[in-house]
Amino acid sequence: MPGRARDADATRDDLLAAARRRFAAEGYERTTIRAVAGDVGVDAALVIRYFGSKEGLFTRAADLDLQLPDLTGVRAGELAKVLVDRFFAVWEDDDRFLALLRAAATSEVAAEAMRTVFATQVAPALAAVTDDRAPERAALVGATVLGFALGRYVLRVPPLVDMTRDQAQAWLGPALRHYLLD
């Protein structure tokens with residue numbers, strides 16, 4: 001195997017990218033430090049040096065910022081559309097989400113990371129635009145969008161996979177509006 005140029009930042013970034021791919025494809029339990037290191041062409045000891053452990057690698061690789069917009073200026077009738085559009089961007093454009101979602105089904109570390117994303121990002125964003133019962137509303141929105149994402153991207157349920165964004169918006173929108181506004 002040819003030697004890599006010595007660039008710690010580039011190697012760290014390459015390891016994180018490889019880890020995201022592995023965690024997304026194989027989940028937390030089946031991904032090994034040795035496989036991630038092999039994908040980048042470095043020794044597994046280097047992964048431990050940079051991240052401390054498999055859990056440390058996962059935590060950094062799955063660090064997810066949903067980049068939810070400020071919802072306080074969004075009209076009530078448009079909230080669901082804005083959220084579904086943003087979730088689709090995360091689901092389809094950020095490999096960290098799929099890694100986290102797939103791993104959360106089998107790993108308590110990943111499940112806790114997912115709960116943290118919702119507690120620190122989704123719940124506060126939704127609490128700012130709901131009149132009451134914000135924790136319950138956020139939990140129901142979370143369960144709905146995570147269920148859809150699990151079915152579409154992990155389980156690959158044909159009707160969900162075949163839906164266009166507009167069709168998914170048409171199905172998800174009313175449910176999310178109900179959870180947010182009724």
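Just so it is clear, the structure is predicted and the values come from calculations on it, not from any experiment.

Student: Tell me about the UniProt feature "DNA-binding region" (unreviewed entry) in the chain, residues and numbers included.
Tutor: In the UniProt entry, the feature "DNA-binding region" (unreviewed entry) is given for residues 32–51. Between the first and last C-alpha atoms of residues 32–51 the distance is 13 Å; the span itself is 80% helix and 0% strand.

Student: So, the packing of aromatic side chains: which residues are in play, and what are the values?
Tutor: What characterises a pair of aromatic rings is the spacing of the ring centres plus the angle enclosed by the ring planes. All told, the structure shown has nine aromatic pairs when counted by the stated rule. For the ring pair F23 and F58, a centre distance of 4.9 Å and an interplane angle of 90° mean the geometry is edge-to-face. In this pair, F23 is assigned in helix 1 (residues 8–30) and F58 in helix 4 (residues 54–61), connecting sequence segments 35 residues apart. Both residues of the pair, F23 and F58, belong to the buried class. Here F88 and W91 contribute two aromatic rings whose centre-to-centre distance is 5.0 Å and whose plane-to-plane angle is 65°, an arrangement assigned as edge-to-face.

Student: Residue-level account of the layout of surface pockets, with values.
Tutor: Size it by volume and the second largest pocket reaches roughly 190 Å³. Of all elements in the fold, only helix 4 and helix 7 (108–127) reach the threshold of two or more residues within the lining of the second largest pocket. If you tally residues by element for the lining of the second largest pocket, the top one is helix 7, at seven residues.

Student: Residue-level account of a nonpolar patch on the surface, with values.
Tutor: Taken together, the side chains of L150, L155 and V157 make up a nonpolar region of the molecular surface, amounting to roughly 230 Å² of accessible area. Following the sequence through the fold, L150 ends up in helix 8 (residues 134–154).

Student: Describe in detail empty space enclosed by the protein, supporting the description with residues and values.
Tutor: Inspection of the entire model under this criterion finds one cavity of 30 Å³ or more. Considered as a void within the structure, the largest cavity measures approximately 50 Å³ in volume. Lining the largest cavity are L64, L66, F87, W91, F97, M114, V117, F118, V145 and L146. For the lining of the largest cavity, the elements supplying multiple residues, two or more each, are helix 5 (79–93), helix 7 and helix 8. Per-class residue counts for the lining of the largest cavity are 10 nonpolar, no polar and no charged.

About the thresholds
- Residues numbered from 1 in each chain as written.
- Predicted model: local features only at pLDDT ≥ 70, side-chain atom pairs only at ≥ 80, totals over all residues.
- Heavy atoms only, no water.
- UniProt positions renumbered as here; feature names shortened; annotations may be inferred.
- Helix = DSSP H or I, 4+ residues; strand = E, 2+ residues; numbered from the N terminus.
- Phe/Tyr/Trp six-rings, centres within 6.5 Å; stacked < 30°, edge-to-face > 60°.
- Buried < 20%, exposed > 50% of the residue type's maximum accessible area, 1.4 Å probe, protein only.
- 1 Å grid on protein atoms, 1.4 Å probe; cavity = no way out; pocket = protein on both sides within 12 Å on 5 of 7 lines; lining within 4 Å.
- Points joined across faces, edges and corners; volume = space filled by probe spheres on them.
- Patch = residues over 30% accessible without salt bridge, like charges linked within 9 Å, V, L, I, M, F, W, Y side chains within 5 Å.
- Areas by Shrake-Rupley, 256 points an atom, 1.4 Å probe, with all protein chains shown as cover.
- Salt bridge = Lys/Arg side-chain N within 4 Å of Asp/Glu carboxyl O.
- Nonpolar A, V, L, I, M, F, W, Y, C, P; charged D, E, K, R; others polar.

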